[in-house]
Amino acid sequence: MENFTTHTKKVTINYIKSQKNKSPLTMITAYDALFAKIFDANVDMILVGDSLEMSFGGKDDTLKATVDSMIYHTKAVCNGAKTSLIITDMPFGSVTTKEETLKNAIKIYQETNADAVKIEGGSQRAEIISYLCKNAIAVVGHIGLTPQSARSEGGYIVKGKDEENVKKLIEDAKAVEKAGAFCIVVEGVVSKVATQIARSVNVPVIGIGAGNEVDGQVLVWSDAFGFFDEFKPKFVKRFLHGKNLVEKALLEYVNEVKTREFPSKENSYQ
């Protein structure tokens, strides 16, 4: 396995933009300082995703995340990660009017060390994205399958399966880029269409369920490392069976306590 150099200084937005059509960018989610510290510098970007409501909070969807809960977890992540670029999801209900969105984004900026916010939605969010960028808030776009819209759309539906939708996706990407987003997440889109989207804009396109011909990839950490196994989306590869490893270690602990093997003299004050 090839070892890629970790970052030795803070990743910037300009660096992310410079990697378009170059080395694929890496992004992973994190919700606490412990895992953020492990991921830091090894990935280009850490996303404090509203996915925490599902993988961290045990909810059925992402819709119950609030600005305050996102701030809480972003603070924790920023305590652990000092080098990777930190992006915070704008949660459901926080992106209504441009004025309300700016108010919420400023609150995130003032109370955390987040480098940027992520907003779901394409052309319909362009005015809001532009307004934030003009007020010194860095924005990552998010088009394609948008989890915050899953309930209104009747589920998690893969995009890009007909010509009309392909045209709309490309229009969305261009609108988000024009509005000022420095990067765009494309989720749940037919691979060849995601490639078209990436080639239609001059900012990096980060895929999740969008094939490998885009400018980078993002995964939810608990999916990637096998801690969440209630279901496995098609686009997820498990790089570790973390739940099994922890369960095995836990049973060893329980067994040693029950048999009084732990704590031994080595683990006790004499």
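Refer to the preceding data block for the structure.
Summarised in this report is the structure supplied together with it. Predicted model only: the values in this text are computed from it and were never measured. (Residues numbered from 1 in each chain as written. Predicted model: local features only at pLDDT ≥ 70, side-chain atom pairs only at ≥ 80, totals over all residues. Heavy atoms only, no water.)

**Section: the overall build of the chain**
Per the secondary structure count, the chain includes eleven helices and eight strands. Taken over 270 residues, the chain has a buried fraction of 50%. As displayed, the chain offers around 14700 Å² of accessible surface, 52% of which is attributable to carbon and sulfur atoms. Here the chain contributes 34 positively and 34 negatively charged side chains, and the mean placements of these two sets differ by 2 Å. (Helix = DSSP H or I, 4+ residues; strand = E, 2+ residues; numbered from the N terminus. Buried < 20%, exposed > 50% of the residue type's maximum accessible area, 1.4 Å probe, protein only. Areas by Shrake-Rupley, 256 points an atom, 1.4 Å probe, with all protein chains shown as cover. Lys, Arg positive; Asp, Glu negative; His and termini not counted. Charge placed at Lys NZ, Arg CZ, Asp CG, Glu CD.)

**A closer look at the packing of aromatic side chains**
Enumeration over the complete set of coordinates arrives at seven aromatic pairs. When the ring of Phe35 is compared with that of Trp221, the centres are 4.1 Å apart and the planes differ by 25°; the resulting orientation is stacked. Separated by 186 residues along the polypeptide, Phe35 in helix α2 (residues 33-39) and Trp221 in helix α10 (residues 221-224) bring together distant segments of the chain. Neither residue differs from the other here; Phe35 and Trp221 are each classed as buried. Each ring, one from Trp221 and one from Phe227, has its centre 5.2 Å from the other, and the planes form 55°; the classification is tilted. By relative accessible area, which is 10% here, Trp221 ends up buried. When its relative accessible area of 31% is taken as the criterion, Phe227 is described as partly exposed. Here the basic side chain of Lys98 rests over the ring of Tyr131, its NZ or CZ set 5.0 Å away from the ring centre. (Phe/Tyr/Trp six-rings, centres within 6.5 Å; stacked < 30°, edge-to-face > 60°. Lys NZ or Arg CZ within 6 Å of the ring centre and 35° of its normal.)

**Topic: unusual backbone geometry**
Following Phe262, the chain continues into Pro263 via a peptide bond in cis, with omega recorded as 0°. Considering the arrangement of structural elements, one finds Pro263 in the segment after α11 (242-258). With phi around 65°, Asn21 is a residue other than glycine that occupies positive phi space. According to the relative accessible area criterion, Asn21 is exposed, its value standing at 67%. You will see that Ala41, though not glycine, has its phi angle at about 75°, which is positive. Among the secondary structure elements, Ala41 is positioned in the loop between α2 and β2 (45-48). Since its relative accessible area comes to 11%, Ala41 is described here as buried.

**Looking at the nonpolar core**
Counting 36 residues, the largest nonpolar core has Ile119, Leu132, Val186 and Ile197 as its most contacted members. At the level of elements, α4 (67-80), α5 (98-111), β4 (116-120), α6 (126-134), β5 (139-144), α8 (163-179), β6 (183-187) and α9 (191-200) are the ones that each hand at least two residues to this core. Beyond its immediate chain neighbours, meaning those up to four positions away, Ile197 contacts Ile143, Leu169, Ile170, Ala173, Val186 and Val189. (Core = buried A, V, L, I, M, F, W, Y, C linked by side-chain atoms within 4.5 Å. Contact = heavy atoms within 4.5 Å.)

**Section: α6**
Within the span of α6, buried status applies to Ala126, Ile128, Ile129, Ser130 and Leu132. Buried residues belonging to α6 abut α5, β4, β5 and α8. After α6 finishes, the residue Ala136 shows a positive phi value of roughly 70°.

**Things to note about the state of the cysteines**
Inspection of the entire model under this criterion finds zero disulfides. No disulfide involves Cys78; its nearest neighbouring cysteine sulfur is the one of Cys183, lying 17 Å away. By relative accessible area, Cys78 is classed as buried at 6%. Cysteine Cys133 remains unbridged, with the sulfur of Cys183 as its closest cysteine sulfur at 12 Å. (Disulfide = S-S within 2.5 Å.)

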